[in-house]
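# Topology and contacts: notes
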Amino acid sequence: MSLFDELRGVVESGGRAVVFTIVAGDEIGAKLLVLEDGTTAGDGPAELAALASDAIRTGRSHVIEHGDATVFADVYGPPPRLLVYGAVDTAEALCRGAKLLGWTTIVADARARFATRERIPSADELLVAWPDEAIATVQPDVGTAIIVLTHDDKFDLPLLKAALESDAFYIGALGSRRNQERRRGLLLESGVQELDLERINGPAGLDIGAESPAETALSMLAEMLAVRVGRPGGALRHATTRIHAEPLAGKK
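Residues numbered from 1 in each chain as written. Predicted model: local features only at pLDDT ≥ 70, side-chain atom pairs only at ≥ 80, totals over all residues. Heavy atoms only, no water.

## Thoughts on the packing of helix α5 (residues 153-164) against helix α6 (residues 177-189)
Contact pair α5 / α6: the axes reach a minimum separation of 11 Å and the direction vectors enclose 60°. In terms of orientation, α5 lies oblique with respect to α6. Remark: the crossing between α5 and α6 carries right-handed chirality. Of the residues in α6, those in contact with Asp153, Asp156, Leu157, Leu160 and Lys161 of α5 are Arg182, Arg183, Leu186 and Leu187. A class-by-class count of the residues in the contact of α5 with α6 yields four nonpolar, no polar and five charged. (Axes fitted to C-alpha atoms, helices over the stretch in contact; angles between N-to-C directions. Helix = DSSP H or I, 4+ residues; strand = E, 2+ residues; numbered from the N terminus. Parallel < 35°, antiparallel > 145°, perpendicular 65-115°, else oblique. Left-handed = near helix turned anticlockwise from the far one by under 90°. Contact = heavy atoms within 4.5 Å. Nonpolar A, V, L, I, M, F, W, Y, C, P; charged D, E, K, R; others polar.)

This is how it looks when you write it as structure tokens:
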């Protein structure tokens, strides 16, 4: 089976993979296909496989300077998914915005009267489920962003704890700074490690002065994009990096 045939099989099955191509260096033109499970194919240097996890996590193709070689990492995978827990107004705004980005959206809530198509028409999927059920159903992976909007400990705490045990590339939580600190303390008491809590973006979103649900959703989606590619999310006119992101992950 050719490298192209193997890649086509991955894409058609909804899997993830990266094709590394040396575009400058001693082995120019050599290619290495690396699947998400670490399986490889091709004539490229086997050492490139170590860069695959970080490359796949970024969700987009990019260039890597690796030793004396320049490598193009061509990343393949399904669209990102957004799991929103809490079927409130901001959930609908998030789904509308994420749809413009080509993302798949899932909204979950244990309250059946909230998780309805009338309230959240833009969601690709609605789940009436408690936090542990929602996480078990969605099975968040490296292409999943999770955000909690409920303002209720009986939902927030188990959802965040389960999210931290997943590979989600973004975990966010709505709420004031005071509430974030209170919730942080409760998570620590429940056994979550302090270092793991750094993965929670709360209050979620970038500082753009958001007020309405639509503005809040824009702020949150922008932060998700920035986190995924390792950008701080500041004004471009103050940035020293390229306008179009080249993920830092995997560079040497």
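## Describing the sheet that holds strand β9 (residues 144-148)
Sheet architecture is open: six strands sit in the order β8-β7-β6-β9-β10-β11, paired in parallel fashion. Every interior strand has two partners, whereas the edge strands, β8 (125-128) and β11 (200-201), have only one. (Pairing = 2+ DSSP bridges.)

## Structural notes on the confidence of the model for the protein chain
Here the protein chain shows a mean pLDDT of 91. Residues at 70 or above account for 96%. Counted against residues more than four places away or in other chains, residues 247-252, with its pLDDT under 50, gives 19 contacts. (pLDDT = per-residue confidence, 0-100.)

## Quick look at the packing of helix α3 (residues 89-100) against helix α8 (residues 213-229)
Put simply, α3 and α8 touch, their axes get as near as 8 Å, and they point 55° apart. Relative to α8, α3 is oriented oblique. By crossing handedness, the relation of α3 to α8 is classed as right-handed. On α8, the residues touching Asp89, Thr90, Ala93, Leu94, Arg96, Gly97 and Ala98 of α3 are Pro213, Ala214, Thr216, Ala217, Met220, Leu221 and Met224.

## Topic: the packing of aromatic side chains
This structure, assessed with the given rule, holds three aromatic pairs. Relative to Phe169, the ring of Trp103 lies with its centre 6.2 Å away and its plane at 85°, an arrangement referred to as edge-to-face. On the criterion of sequence distance, the pair formed by Trp103 in the loop between α3 and β7 (104-109) and Phe169 in the loop between α5 and β10 (170-173) is long-range, its members being 66 residues apart. For the pair formed by Trp103 and Phe169, the shared burial category is buried. Plain terms: the ring middles of Trp130 and Phe155 are 5.3 Å apart, the flat faces sit at 45° to each other, and that makes the pair tilted. Of the two residues, Trp130 is situated in the loop between β8 and α4 (131-138) and Phe155 in helix α5; the sequence distance between them amounts to 25 residues. Given the relative accessible area of 41%, Trp130 is considered partly exposed. Since its relative accessible area comes to 2%, Phe155 is described here as buried. Aromatic rings pair up to connect Tyr85, Trp130 and Phe155 into one cluster. The aromatic ring of Phe114 is capped on one face by Arg113, whose charged end is 4.8 Å from the ring centroid. (Phe/Tyr/Trp six-rings, centres within 6.5 Å; stacked < 30°, edge-to-face > 60°. Buried < 20%, exposed > 50% of the residue type's maximum accessible area, 1.4 Å probe, protein only. Lys NZ or Arg CZ within 6 Å of the ring centre and 35° of its normal.)

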